[in-house]
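# Breakdown of the fold
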Amino acid sequence: MSSKARVSVSSWSLHRSLGRPAFYGANEKLPSGSHNQGALSLLELPKAIADIGITTLEIVHFHLPSTDDAYLAELRAELETAGVELFSLLIDAGDITHPEHGERDLAWMEGWLDVAAKLGCRCARVIAGKQDPSDEVLRLSAKRLTRLANKADALGLRLMTENWFGTTSTPETVLWLLDALEGQLGLCVDFGNWQGEDKYENLARIVKHAESCHAKASFEGSQIQQKDYQTCLDLTKRVNFQGPYTLIFDSPEPNEWQGLGIEREIVQAYVS
């Protein structure tokens, strides 16, 4: 896997431009009627980001209007034509620690690993669990993440998780799972998922393990919270982070392209 600091972008950051496709999870059908309603289609996104000099992309699962082989091949061809690396498929639903639906959600995620492989992704990011991290929940998460990691390995993918939702809501649980998976699990660190007075201390404890970074800034109106953003970015610089800085923008204003431009201008200094 390439280990070079570079600017990336998530399709989530252009959710409005893509027409706000509907979110769906393991127990729902793909809402195909909600796609292709925006200024851009997903097939047009690779060229659109390449035109502004960004050549690494992450796609959230619910932005795909189809998982048919023909569509996946078409999207992969558009990525290759635009010279865009598809770093990760972000599987943004499912709870493998759910007491009732965990097995169902695990199987659903396994299906998305097949999709990621067909698209030529380097990685697939999954949620490690949404339940509070008791010892039992952590053991269950590790067991099911191992099953996912084994399948990902067989498909030539790197399985990743993130400091997101209940099971990985603390640095202790993130580190426990990374250790339990014995190198089979990568980490995406998201700046925006942890808040509070101990945010920077907590991020500092896990950032050295990061293989990707969701560089999400907070905005008040159209003004970026620059001090917070740079403090988070400084944590990555301290550990010589080498990977994609994926710009995450989801504020009401400014518009998406402007917001990404503001974030990018700051992040660029950490890539150069």
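If you're wondering where the values come from, they're calculated on a predicted model, not measured in any experiment. (Residues numbered from 1 in each chain as written. Predicted model: local features only at pLDDT ≥ 70, side-chain atom pairs only at ≥ 80, totals over all residues. Heavy atoms only, no water.)

### Description of the sheet that holds strand β10 (residues 244-248)
To keep things clear, this is the line we draw: Note: two strands are recorded as paired if DSSP finds a minimum of 2 bridges between them. Helix and strand definitions here come from DSSP, where helices need a minimum of 4 consecutive H or I residues and strands a minimum of 2 consecutive E residues; each element is numbered from the N-terminal end. Here an axis means a line fitted to C-alpha atoms, over the contact stretch when the element is a helix, while the angle between two N-to-C directions is reported on a 0 to 180 degree scale. The criterion used for residue contact is that any of the two residues' heavy atoms lie within 4.5 Å.
If you walk around this closed barrel you meet the 8 strands as β1-β2-β3-β4-β5-β6-β7-β10, and the pairing is parallel. Direction aside, the axes of adjacent strands within the sheet are offset by 30 degrees on average. Sheet analysis places strand β7 (residues 210-216) next to β10, joined by 4 bridges and oriented parallel. By the bridge assignment, A215 is partnered in β10 with L247. With respect to the sheet, helix α8 (residues 256-271) is in contact with β1 (6-10), β7 and β10, its orientation differing from that of β10 by roughly 160 degrees.

### Describing the pattern of salt bridges
The test is simple: Any Lys or Arg side-chain nitrogen located within 4 Å of an Asp or Glu carboxyl oxygen qualifies as a salt bridge. For every residue, the accessible area (1.4 Å probe, protein chains only) is compared with the maximum for its type, and the residue is labelled buried under 20%, exposed over 50%, or partly exposed between those bounds.
Applying the stated criterion across every chain yields a total of 17 salt bridges. Between K47 and D51 there is a salt bridge; the shortest N-O distance is 2.9 Å. A salt bridge links E103 to R147, with the shortest nitrogen-to-oxygen separation between them at 3.4 Å. Here E103 is found in helix α3 (residues 102-119), whereas its partner R147 is found in helix α4 (residues 135-155), with 44 residues between them in sequence. Relative accessible area serves as the criterion here: at 34%, R147 is assigned to the partly exposed category. Members of the salt-bridge network, linked through shared partners, are E103, E110, R144 and R147.

### Describing the nonpolar core
Across soluble globular proteins, nonpolar side chains have a tendency to be buried as a group. The test is simple: Nonpolar cores are built from buried Ala, Val, Leu, Ile, Met, Phe, Trp, Tyr and Cys residues. Side-chain atoms within 4.5 Å join them into one set.
Ranked by size, the top nonpolar core spans 78 residues in total, and within it L57, L64, L89, I91, L145, L159 and Y229 carry the most contacts. The element contributing the most residues to this core is α3, with 8 residues. Discounting chain neighbours no more than four positions away, the residues touching L89 are I59, V60, H61, L64, W112, V115, A116, C121, C123, A124 and R125.

Read these as layout, nothing more, since geometry by itself doesn't imply function.
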